[in-house]
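Now for the letters of each chain:
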Amino acid sequence: MRCSNEEQMVVTIGGHQLIAPRSAMEIIAGLALSFYGGCFMTTIAAVEAINAAGLDNVIVGMKDLLCIASSEQPFVEGGEAPKRVYTVFLAGVATLRSHLARAIVFGCNLGEVTAQRLQPRARPLLERMLPKEYHQRIPEGLRALCKLLGMALAWCFQRHMCAVQSALTGSRLLEKGLSRYAALRSPEQLRLVRLSVIGCGLAYQIRRGFHPPGLLLGLSVVEATLSQALTAL
């Protein structure tokens with residue numbers, strides 16, 4: 001993708017050039033982030049990780065690997081192409097795992113504190129309900145249960161925070177795109193539109209339980225694949 005001037009963007013797809021107004025692209029991207037950012041939390045984190053590590057390195061490295069695969073050039077052991085792709089891959093995995101690690105640590109700490117508060121009240125009740133041979137396992141089981149619930153709450157909290165951050169980013173893009181139109185150059189009008197989009201986007205995502213519509217099945221598959229790969233690494 002490259003920009004020809006300030007008012008339009010030239011997108012090259014399959015050798016064909018499509019010219020789109022810059023404001024329209026910003027409006028579409030802003031609405032997508034505002035209404036579906038929390039649904040694709042892992043995908044957005046992966047894109048941010050790749051951009052931080054260097055998108056140009058990925059493109060150049062993949063082109064070199066494709067040339068090697070098509071025998072246009074010989075494979076050189078220790079060449080730059082595999083190093084570029086692998087470096088960005090490691091950076092992306094590290095960023096994604098840091099997101100997951102923060103949620104796990106926060107959930108474990110929350111569960112530990114909750115278990116300490118529940119022990120004096122929950123243990124006598126559980127001792128009356130369970131046989132004596134299980135009494136020694138009650139503190140350990142209660143801590144494990146509280147940690148699992150804490151991690152689930154932490155993951156839910158992180159998804160909501162991702163939705164808020166995406167809505168804020170999307171609203172800024174939307175405001176930037178709308179500001180190019182003469183009818184919506186007033187700061188008060190743009191601020192009202194921005195706040196309305198943030199509120200509507202968050203309400204829409206929470207009401208749907210962060211489940212994207214069927215039209216975005218492709219992105220849903222990518223999100224599920226990244227989530228499973230992240231937990232398996």
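Data block above holds the structure.
Remember, predicted model here, so these are calculated numbers, not experimental data.

A. View of the overall build of the protein chain. Looking only at helices and strands, one finds seven helices and three strands in the protein chain. When the helices and strands of the protein chain are read in sequence order from the N terminus, they spell out β-β-β-α-α-α-α-α-α-α. Taken across its 233 residues, the protein chain has 28% of its residues classed as buried. For the protein chain, the computed accessible surface area is about 15,300 Å², with 65% contributed by carbon and sulfur atoms.

B. Representation of unusual backbone geometry. Positive phi outside glycine occurs at Phe 210, with the angle close to 60°. Here Phe 210 is to be found in the loop between helix H6 (187-207) and helix H7 (217-232). Given the relative accessible area of 10%, Phe 210 is considered buried.

C. Geometry of the side chain of Ser 171. Positionally, Ser 171 belongs in helix H5 (residues 138-178). A polar side-chain atom of Ser 171 sits 3.1 Å from a polar atom in the side chain of Arg 194. Residues in contact with Ser 171, not counting those within four places in the same chain, are Ser 34, Arg 194 and Ile 198.

D. Broad picture of the environment of Cys 162. Along the chain, Cys 162 turns up in helix H5. Given the relative accessible area of 12%, Cys 162 is considered buried. A sequence separation of 124 residues divides Cys 162 from Gly 38, and the C-alpha atoms of the two residues are 5.5 Å apart. If near-sequence neighbours (up to four positions away) are discounted, Cys 162 is found in contact with Gly 37 and Met 41.

E. A look at the environment of Arg 22. Structurally, the position occupied by Arg 22 is in helix H1 (residues 22-36). Remark: the alpha-carbon pair of Arg 22 and Gly 177, spanning 155 residues in sequence, is separated by 7.4 Å.

F. Here's a closer look at the nonpolar core. The biggest cluster of nonpolar side chains holds five residues, and these are Ile 27, Leu 174, Leu 178, Leu 190 and Val 197. Counting residues per element, the ones that place at least two in this core are H5 and H6.

G. Focus on a nonpolar patch on the surface. A contiguous nonpolar patch, built from Phe 106, Leu 110, Leu 153, Phe 157 and Met 161 and spanning about 490 Å² of accessible area, is present on the exposed surface. The set of elements that each furnish at least two residues to the nonpolar patch consists of helix H4 (80-129) and H5. At three residues, H5 tops the list of elements feeding residues into the nonpolar patch. With respect to the helices, strands and loops of the structure, Leu 110 is situated in helix H4. Among the residues examined, Leu 110 registers a relative accessible area of 32% and is labelled partly exposed.

H. Spotlight on H6. Along its 21 residues, H6 runs 30 Å from first to last C-alpha, staying within 8% of the 30 Å computed at 1.5 Å per residue. Buried positions along H6 lie against H1 and H5. Just downstream of H6 lies Gly 209, where phi reads positive at about 70°.

I. Examining the packing of H1 against H6 more closely. Relative orientation of the contacting elements H1 and H6 amounts to 45°, with a least axis distance of 7 Å. Judged by the angle between their axes, H1 and H6 are oblique. Contacts between H1 and H6 involve Ser 34, Phe 35 and Tyr 36 on the former and, on the latter, Val 197, Cys 200, Gly 201, Leu 202, Tyr 204 and Gln 205. Considering only residue class, the contact of H1 with H6 consists of six nonpolar, three polar and no charged.

J. Region of interest: the side chain of Arg 159. Looking at where Arg 159 falls in the secondary structure, it is placed in helix H5. In this structure, Arg 159 is buried with no salt-bridge partner, the nearest side chain bearing the opposite charge being Glu 223 at 4.6 Å. Beyond its immediate sequence surroundings of up to four residues, Arg 159 is in contact with Gly 38, Cys 39, Met 41 and Phe 210.

Calculation criteria
- Residues numbered from 1 in each chain as written.
- Predicted model: local features only at pLDDT ≥ 70, side-chain atom pairs only at ≥ 80, totals over all residues.
- Heavy atoms only, no water.
- Helix = DSSP H or I, 4+ residues; strand = E, 2+ residues; numbered from the N terminus.
- Buried < 20%, exposed > 50% of the residue type's maximum accessible area, 1.4 Å probe, protein only.
- Areas by Shrake-Rupley, 256 points an atom, 1.4 Å probe, with all protein chains shown as cover.
- Polar contact = N/O pair within 3.5 Å; in protein donor to acceptor, adjacent residues only side chain to side chain.
- Contact = heavy atoms within 4.5 Å.
- Core = buried A, V, L, I, M, F, W, Y, C linked by side-chain atoms within 4.5 Å.
- Patch = residues over 30% accessible without salt bridge, like charges linked within 9 Å, V, L, I, M, F, W, Y side chains within 5 Å.
- Salt bridge = Lys/Arg side-chain N within 4 Å of Asp/Glu carboxyl O.
- Expected span 1.5 Å × (residues − 1).
- Axes fitted to C-alpha atoms, helices over the stretch in contact; angles between N-to-C directions.
- Parallel < 35°, antiparallel > 145°, perpendicular 65-115°, else oblique.
- Nonpolar A, V, L, I, M, F, W, Y, C, P; charged D, E, K, R; others polar.
- Lys, Arg positive; Asp, Glu negative; His and termini not counted.

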